[in-house]
Amino acid sequence: YGGMGLDFSYNIAVAEELGNIHCGGIPMAIGVQAGMATPALTRFGSHELKKQFLVPTIAGDFVACLGISEAEAGSDVANIKTTAVRKGDEYVINGGKMWITSGSQADWMCLLANTSEGPPHRNKSLICLPMNLPGIHVAKKIDKLGMRSSDTAQIFFEDVRVPCTNLIGEEGKGFTYQMLQFQEERLWGVATTLTPLETVIQETIEYTRQRKVFGQPVLHNQTVHFRLAELATEVELLRSLLRRAVALYVEGNDVTKFASMAKLKAGRLTREVTDSCLQFWGGMGFTSEVLVSRFYRDLRLVSIGGGTDETMLSIICKYMEILPGK
């Protein structure tokens, strides 16, 4: 279908390299295309669907988006309300999606919708939805704290008709497919944080070496250079956890626990590194002229998007069998 036939470790190598782009929005937008909206289609979609949607997406002719979150169902995927009711050989879609990356410009959406009245984990399906159909309304482009180079949209569906053949895999398996899709999304997200964090630490070292306070460089204060050494160590530990998770995933293992741990650590570490480093920049750190302030804004999303820190903790607890009542 136009891909290079490489294993997932190459996706992670690309994601890590994209961290050299001095913003978070572009790596995220590429990640939606390569590792968030397309894995389920690649793994479970029919040949016809892949020819129609995957081929032009890989070629870069189509922009894809992922339609999961709703105004009252972000990390709580089971609680989505959007419906796709089968009528003849079509699904009729009603509802809405919120916080959709690339939603203002996407050619198609990998949509999760309720296709039956059954239990919430078995009544959902993934559907390839062309975004030029009647009844699709991009309500607004959302103004955000960070990731401002990536468009994020609120979208509504009103009696949108799509062929039943646009179903990815089996009806009712959408929740399961999306949980699998989340693993690649979360590992990609972790990988894109490593280079920015290293860059922020290194730039802070260089700035504090030059900036003098009370007659000596800021870096020469033990609390500063010890803190930077500690943060650099944490970044390397995160890299090792990511490497382990990816290696196991490529071998075909379930890495839900490790991917969730890495996602949790990445979200917290991006906040810790950018906040600590920004403090060492003093007043300059509070301006828009330095990179640390941009990553402070952009990387704040890591603890929210693709599943919040609290969701990651719940997943980890489940795999450790330490949830209340268990």
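Every value quoted in this text rests on a predicted model; they were computed, and no experiment measured them. (Residues numbered from 1 in each chain as written. Predicted model: local features only at pLDDT ≥ 70, side-chain atom pairs only at ≥ 80, totals over all residues. Heavy atoms only, no water.)

Participant: What is the right way to look at the overall build of the protein in this model?
Facilitator: Counting its regular elements, the protein contains nine helices and 10 strands. Relative to its length of 326 residues, the protein is compact, with a C-alpha radius of gyration of 21 Å against a globular reference of 20 Å. In terms of overall dimensions, the protein has a C-alpha envelope of 80 × 45 × 40 Å along the principal axes. The buried share of the protein, taken over its 326 residues, is 51%. (Helix = DSSP H or I, 4+ residues; strand = E, 2+ residues; numbered from the N terminus. Rg over C-alpha atoms; globule rule 2.2 N^0.38 Å. Buried < 20%, exposed > 50% of the residue type's maximum accessible area, 1.4 Å probe, protein only.)

Participant: What is the right way to look at the UniProt feature "domain: Acyl-CoA dehydrogenase/oxidase C-terminal" (unreviewed entry) in the protein in this model?
Facilitator: Taking the UniProt record as the reference, the feature "domain: Acyl-CoA dehydrogenase/oxidase C-terminal" (unreviewed entry) is found at residues 172-318. Each end of residues 172-318 is marked by a C-alpha atom, and these two atoms are 23 Å apart; helix forms 74% of the span and strand 3%. (UniProt positions renumbered as here; feature names shortened; annotations may be inferred.)

Participant: Can you walk me through the pairing of strand β4 (residues 108-114) in this structure?
Facilitator: Moving residue by residue along a regular strand, the side chains alternate between the two faces of the sheet. Among the seven residues that make up β4, seven are buried, leaving the element largely enclosed by the rest of the structure. Neither face of β4 is exposed, since W108, C110, L112 and N114 on one face and M109, L111 and A113 on the opposite face are all buried. The pairing of strand β1 (residues 64-67) with β4 spans four bridges and is classified as parallel. Bridge pairing in β4 links C65 to M109. (Pairing = 2+ DSSP bridges.)

Participant: How do you make sense of the UniProt feature "domain: Acyl-CoA dehydrogenase/oxidase N-terminal" (unreviewed entry) in the protein when you look at a structure like this?
Facilitator: Taken from the UniProt record, the annotation "domain: Acyl-CoA dehydrogenase/oxidase N-terminal" (unreviewed entry) applies to residues 1-61. Between the C-alpha atoms that bound residues 1-61 there is a distance of 13 Å. The span itself is 69% helix and 0% strand.

Participant: Would you mind going over the packing of aromatic side chains with me for this structure?
Facilitator: We describe a pair of aromatic rings using the distance from one ring centre to the other and the angle between the two ring planes. Under the counting rule described, the total for this entry stands at four aromatic pairs. Consider the rings of F8 and Y249, whose centres lie 5.1 Å apart with planes at 70°: the pair is edge-to-face. Residue F8 is located in helix α1 (residues 8-18), and its partner Y249 is located in helix α6 (residues 222-250); the two are separated by 241 residues in the primary sequence. Y249 sits in the buried class, given a relative accessible area of 15%. With centroids separated by 4.1 Å and ring planes inclined at 5°, the aromatic side chains of Y207 and W281 adopt a geometry described as stacked. In this pair, Y207 is assigned in helix α5 (residues 174-210) and W281 in the loop between α7 (256-280) and α8 (291-298), connecting sequence segments 74 residues apart. The class of W281 is buried, set by a relative accessible area of 8%. Above the plane of the ring of F182 lies R186, whose end atom (NZ or CZ) is 4.4 Å from the centre. (Phe/Tyr/Trp six-rings, centres within 6.5 Å; stacked < 30°, edge-to-face > 60°. Lys NZ or Arg CZ within 6 Å of the ring centre and 35° of its normal.)

Participant: In this structure, what is going on with the side chain of K50? I would like to understand it.
Facilitator: Along the chain, K50 turns up in helix α4 (residues 47-59). E48 provides the closest opposite charge to the buried, salt-bridge-free K50, at an N-O distance of 9.5 Å. Every residue in contact with K50, bar those within four places of it in the chain, is listed here: Y1, L41, T42, G45 and V55. (Lys, Arg positive; Asp, Glu negative; His and termini not counted. Salt bridge = Lys/Arg side-chain N within 4 Å of Asp/Glu carboxyl O. Contact = heavy atoms within 4.5 Å.)

Participant: What is the right way to look at the environment of R300 in this model?
Facilitator: As for its position among the elements, R300 is in the loop between α8 and α9 (309-320). Overall, R300 belongs to the partly exposed group, its relative accessible area being 31%. With 112 residues separating them along the chain, R300 and W188 place their C-alpha atoms 16 Å apart. In contact with R300, other than residues within four places in its own chain, are R271 and F295.

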